[in-house]
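Working through the structure, step by step
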Amino acid sequence: MAAAWRIERSTAASRAALFAVALAFAALLALPARGDSGDLRLAVEICYSLALAQAWNLLAGYTGLVSVGQQAYVGLGGYAFFALTVLAGMPPLPSLALAGLVAAALALPTAFVVFRLHGAYFAIGTWVVAEVFRLLLAQMRPLGGGTGMSLPVAVVRDLAQSRGARDLITYYLGLGLGLGTVLLVFFWLRSRQGLALTAIRDSETAAASVGIDNRRTKFAVYAIAAGIAGLTGALAFLEKLRISPDAAFSVGDWTANVIFIVVIGGIGSIEGPILGTIVFFALRALLADYGAWYLITLGALAVAVMLLAPQGLWGVVARPLGLQFFPVQRRLRPLNSPQTAPEAASPGRGD
Amino acid sequence: MPPLIRLDEVCKSFGALKVIDRLSLALGEGEALGILGPNGAGKSTMFNLITGDLRPSAGRIHFAGRDITDLPAHRRCRLGVGRSYQIPHPFGGMSVFENLLVAAAFGTGRKEAACYGRCVEVLERTRLMPKANVAAGRLTLLERKRLELARALATGPKALLLDEIAGGLTESECQELIATIREIHADGVSIIWIEHVVHALLAVVGRLVVINFGREIAQGAPDAVMADPAVQEIYLGIEAA
Ligand SMILES: Nc1ncnc2c1ncn2[C@@H]1O[C@H](COP(=O)(O)OP(=O)(O)OP(=O)(O)O)[C@@H](O)[C@H]1O
Ligand SMILES: [Mg+2]
């Protein structure tokens, strides 16, 4: 039968969201004109937390790779950046990009090892790998050994002469990393490869049975996630001006917070980690004065979400409304008789 | 011409439990083969060995003359092995149309846009068009089973392996399913169909293999096989269950 069909890829909500994202982005571009140095630093932290959250969501939410060792690549990226600028004398900006590539490249041989492990063993394996990298770097005398090292003034000056200009550059790099990661994930999920990722998310068994190479897809996700972590490490330690094995490979700073963000925001969607990032930083600001209560509240919230709403807060908000801001779906619509259009589906996981 | 699928003395054990015991079997090009056997006979396990979901403990498996025993599942699918799961495994968060799209794109190795037409055809043939944009996780069990058939079909299989898709259907739905599978067969797709609904099976297949305890106990023309005393014993067992 030669009925005419078309494929619809966006919704009214998603077009409105695109507009909102563009507005927010314009506002963020203008932020340095109003905010002080502290605001900019916070903005950079929010941006790279968002990037790490998107990457971890791809790993755990789509390919089932529940890694608790992403700090391995944050640390490697940070150290690669220090090695390239300080030891090799490369200028900061190319070093930053290269640090991301180094982390991604080191992720491939590591994947060969950790992919032999499954479930909880995989999680533990990734953490052990991160510890191994931390111990190795603590042995490297030229990079400061166990105590770490500071970024020499010459390197810092090479980025920009004034403090204000440096803050500005780091801010725009952070913004680029955060937004770039969201866009990368969005276009990846919209592509043919994104169909495979989503299929693997829903059933690995069935994905293989329809011709998807699960292993190759997992390698790609693992390497990209490492690259994003590497860029984060380079940027974070450029901003901190100092690196040490304990800070660079901290499971708390670079993985635990990120898991929290993804779990409360909602795993398995682009919107979830964005919402999670907002909630996380809002809570941190609200509870800043309460010391230990801050951690207790975070922990309680995470447990509550896992028990009551495993789809995360985004799942709670979006599912009843059928909302999707980042449309990755394909809807089949008849060309001439919209009134006979097949029933609308709601986005998100079905079960 | 070599058979499309050939199992040579294949064995599969789970620990001490021997589920497939030196099973040999061939599916001819263009053939429709029915598999009968009681619960736990090893029928689904045999499918898992052919598709690569499981590796045999011993024996070889060939597809179109090529030894595929060591190929992973996705490579076998691309060679032309399509299968449905007895317990449906839908991509629950994707729409029915997207379930077919991903199967068509990766099963045939084509670009996404080159697959839309095929998916529409499969939706119409399997009568899933009214559900095209529904999330697969929201389908009823019967619809999920139909999606299993549709998704396997979307991969463009040379051999289609169907695992109990007629259970629970009304008589008219069953007739529709029989008509659909006949159409698919008439298009040149070879079929192995595991089914407890014997009359549906007999309406489609040209040959029957009966399996018990992982071994073939009878095979041949459906009438002759159904008349076999050893089969009648088991068959009565199925009816009673
Ligand atoms: N992964 C597995 N691990 C352990 N035992 C298994 C596994 N898969 C199947 N079995 C066992 O192997 C035997 C055969 O199972 P199989 O699913 O192949 O039977 P079947 O012929 O398809 O039965 P049914 O008609 O009920 O679908 C059963 O005893 C089952 O419990
Ligand atoms: Mg079975």
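All figures in this text were calculated on a predicted structure; none of them were measured in a lab. Sequence positions are assigned chain by chain, starting from 1 and proceeding in written order. Chain A is the first chain written and ligand 1 is the first ligand written, with later ones labelled in order. At least 70 in pLDDT is required for a residue's local features to be given in this predicted model, at least 80 for side-chain atom pairs to be given and counted, and no such filter applies to totals for whole chains, interfaces and linings, which use all residues. No hydrogens and no water enter the side-chain calculation; it runs on all heavy atoms of the structure.

Here we take up the coordination of the magnesium ion (ligand 2). All names here are of chain B. Protein coordination at the magnesium ion (ligand 2) comes from Ser-44 (OG) and Gln-86 (OE1), with a distance range of 1.9 to 2.0 Å. Within this pair, whereas Ser-44 is found in helix α1 (residues 43-51), its partner Gln-86 is found in the loop between β6 (81-83) and α3 (96-108), the two being separated by 42 residues in sequence. A relative accessible area of 33% places Gln-86 in the partly exposed class. Each metal site lists N, O and S donors within 2.8 Å (3.2 Å for Na, K and Ca). With water left out of the atoms, a site can look as if it is missing ligands. Numbered from the N terminus, helices here are DSSP runs of H or I no shorter than four residues, and strands are runs of E no shorter than two. The buried label goes to any residue with under 20% of its type's maximum accessible area, the exposed label to any with over 50%, and the partly exposed label to all in between, with areas taken from a 1.4 Å probe on protein chains only.

Let us now look at the site of ligand 1. Residues and elements named next belong to chain B. We define proximity as follows: a residue is near a molecule or strand when any one of its heavy atoms falls within 4 Å of that partner. Around ligand 1, a shell composed of 13 residues is seen, among which Gly-40, Lys-43, Ser-44, Thr-45 and Gln-86 lie nearest. Here a polar contact means two N or O atoms within 3.5 Å. Within protein one must be a hydrogen donor candidate and the other an acceptor candidate, and residues neighboring in sequence count only if both atoms are side-chain atoms. Between an oxygen atom of ligand 1 and a side-chain N or O atom of Thr-45, the distance comes to 2.5 Å. Contacts to ligand 1 include Glu-164, whose side-chain N or O atom sits 3.3 Å from an oxygen atom. Accessibility throughout is a Shrake-Rupley quantity obtained with a 1.4 Å probe, and a residue counts as covered only by protein chains that appear here. Taking 640 Å² as the accessible area of ligand 1 by itself, protein coverage stands at 61%. Residue contributions to the shell around ligand 1 peak at 3 residues, all from α1. Only Asp, Glu, Lys and Arg are considered charged in this grouping, and only Ala, Val, Leu, Ile, Met, Phe, Trp, Tyr, Cys and Pro are considered nonpolar; every other residue, Gly among them, is considered polar. Partitioned by chemical class, the residues of the shell around ligand 1 number 4 nonpolar, 7 polar and 2 charged.

Residues and elements named next belong to chain B. We treat two strands as partners when DSSP finds at least two bridges between them. Strands sit in the order β6-β7-β8-β3-β9-β10 across an open sheet of 6 strands; the sheet is mixed. Edge positions in the open sheet fall to β6 and β10 (215-220), since each of these has one partner strand only. Strand after strand, the sheet turns through a mean of 20 degrees between neighbouring axes, direction not considered. Alignment of strand β3 (residues 32-36) against strand β8 (residues 190-194), held across 4 bridges, turns out to be parallel. Following the sheet pairing, Leu-33 is matched in β8 by Ile-192. Strand contacts of helix α5 (residues 141-154): β6 and β7 (159-163), with the helix running at about 165 degrees to β7, the strand carrying the most contacts. Its contacts with the sheet put helix α6 (residues 171-186) on β3, β7 and β8, and the angle it makes with β8 is roughly 150 degrees. Fitted lines through C-alpha atoms serve as axes, helices being fitted only where they are in contact, and the angles separating the N-to-C directions of these axes extend from 0 to 180 degrees. The contact criterion used is simple: two residues touch if any of their non-hydrogen atoms lie within 4.5 Å.

This part covers the interface of chain B and chain A. Taken together, the contact between chain B and chain A spans 42 residues of the former and 40 residues of the latter. When the area that chain B buries against chain A is broken down by residue, the three leading residues are Phe91(B), Phe106(B) and Asn133(B), summing to 22%. Whenever Lys or Arg places a side-chain nitrogen within 4 Å of a carboxyl oxygen from Asp or Glu, that contact is recorded as a salt bridge. Joining chain B to chain A, the criterion identifies 1 salt bridge. Between chain B and chain A we count 12 residue pairs in polar contact (both at pLDDT 80 or more) in total. A simple way to read buried area is as the amount of 1.4 Å-probe accessible surface that goes missing from two parts once joined, with both sides added.

All names here are of chain B. The element β3 is largely enclosed, with a buried count of 5 among its 5 residues. Because side chains alternate across β3, one face comprises the buried residues Ala-32, Gly-34 and Leu-36, and the other comprises Leu-33 and Ile-35, equally buried. Relative to strand β9 (residues 207-212), β3 is paired through 4 bridges, and the arrangement is parallel. Residue pairing across strands places Leu-33 opposite Arg-207, the latter belonging to β9.

Residues and elements named next belong to chain B. Here the limits of each domain have been adopted from an automatic or database domain assignment. Domain annotation for chain B reports domain 1 (1-80 + 158-241) and domain 2 (90-156). Listed per partner, the contact involves 17 residues of domain 1 and 11 residues of domain 2. In total, about 1200 Å² of surface goes out of reach between domain 1 and domain 2, with carbon and sulfur atoms giving 59% of it. Where domain 1 meets domain 2, there are 3 salt bridges. Across the pair Arg-125 and Glu-183 runs a salt bridge, and its minimum N-O distance is 3.2 Å. Of all the elements, α6 adds the most residues to the side of domain 1 that touches domain 2, at 6 residues. Taken together, the residues of the side of domain 1 that touches domain 2 sort by class into 7 nonpolar, 3 polar and 7 charged.

This part takes up the confidence of the model for chain A. For every residue, the predictor states its confidence as a pLDDT score lying anywhere from 0 to 100. Residues of chain A with pLDDT of at least 70 account for 95%, and the chain-wide mean is 88. This stretch, residues 343-351 of chain A, has a pLDDT under 50; its non-local contacts, to residues over four places away or in other chains, come to 28 contacts.

Okay, the pairing of β10(B) next. Residue and element names in this part refer to chain B. One ladder, built from 5 bridges, connects β9 with β10; its direction is antiparallel. Following the sheet pairing, Leu-208 is matched in β10 by Gly-220. Turn length for the β9-β10 hairpin, with the two strands adjacent in sequence and antiparallel, is 2 residues, and the turn residue Phe-213 shows positive phi of about 50 degrees.

Right, let's talk about a positive patch on the surface for a bit. Patch definition: residues with relative accessible area over 30% and no salt bridge; like charges joined within 9 Å; nonpolar side chains (Val, Leu, Ile, Met, Phe, Trp, Tyr) joined within 5 Å. Neither His nor the chain ends is counted toward charge; the positive residues are Lys and Arg and the negative residues Asp and Glu. Charge positions are represented by NZ for Lys, CZ for Arg, CG for Asp and CD for Glu. A contiguous patch of positive charge on the surface is contributed by Arg216(A), Arg66(B), Arg75(B) and Arg78(B). Structurally, Arg216(A) is set in helix α10 (residues 214-240). You can call Arg216(A) exposed: its relative accessible area is 57%.

Our next topic: the packing of helix α12 (residues 251-265) of chain A against helix α14 (residues 292-308) of chain A. All names here are of chain A. Contact geometry for α12 and α14: axes closest at 9 Å, N-to-C directions at 40 degrees. Regarding the angle of α12 to α14, the classification is oblique. Like other packed secondary-structure pairs, α12 and α14 cross with a definite hand, here left-handed. Facing α12, whose interface residues are Phe-260, Val-263 and Ile-264, α14 presents Leu-298, Leu-301, Ala-302, Val-305 and Met-306. Class assignment of the residues belonging to the contact of α12 with α14 gives a composition of 8 nonpolar, no polar and no charged. Under this scheme an angle from 65 to 115 degrees is roughly perpendicular, one under 35 degrees roughly parallel, and one over 145 degrees roughly antiparallel; angles in between are oblique. By definition, turning the near helix anticlockwise from the far helix through less than a right angle yields a left-handed crossing, and turning it clockwise yields a right-handed one.

Turning our attention to the sheet that holds strand β4 (residues 58-63) of chain B. All names here are of chain B. Pairing is antiparallel in the open sheet, where 4 strands are placed in the order β2-β1-β4-β5. Every interior strand has two partners, whereas the edge strands, β2 (17-27) and β5 (66-67), have only one. Sheet topology note: the strand β1 (residues 5-14)/β4 ladder contains 5 bridges and is antiparallel. Residue pairing for β4: Asp-8 is matched across the bridge by Arg-60. Taken strand by strand, α1 contacts β1, β2 and β4, and its axis lies near 115 degrees from that of β1.

Residues and elements named next belong to chain A. Nine residue types can take part in a nonpolar core, namely buried Ala, Val, Leu, Ile, Met, Phe, Trp, Tyr and Cys, and a core is a set of them joined through side-chain atoms within 4.5 Å. Residues Tyr-73, Phe-81, Phe-82, Phe-115, Tyr-222, Phe-237 and Ile-270 are the most contacted members of the largest nonpolar core, which totals 84 residues. Counting residues per element, this core draws most heavily on helix α2 (residues 37-62), which supplies 15 residues. In this structure Phe-82 touches Leu-87, Leu-143, Met-149, Ser-150, Leu-151, Phe-237, Leu-241, Arg-242 and Ile-243, once residues within four positions along its chain are discounted.

A few words on helix α15 (residues 312-321) of chain A. Residue and element names in this part refer to chain A. Those residues of α15 that fall on the buried side of the exposure criterion are Gly-312, Trp-314, Gly-315 and Ala-318. Buried residues in α15, looked at end-on, bunch into an arc of 95 degrees, giving them a common side. Looking at α15, the residues exposed on the side facing more than 90 degrees away from the buried face are Pro-320 and Leu-321. Directly beyond the C-terminal end of α15, a positive phi value near 65 degrees is found at Gly-322. Here the arc refers to the set of directions running from the helix axis out to each C-beta atom.

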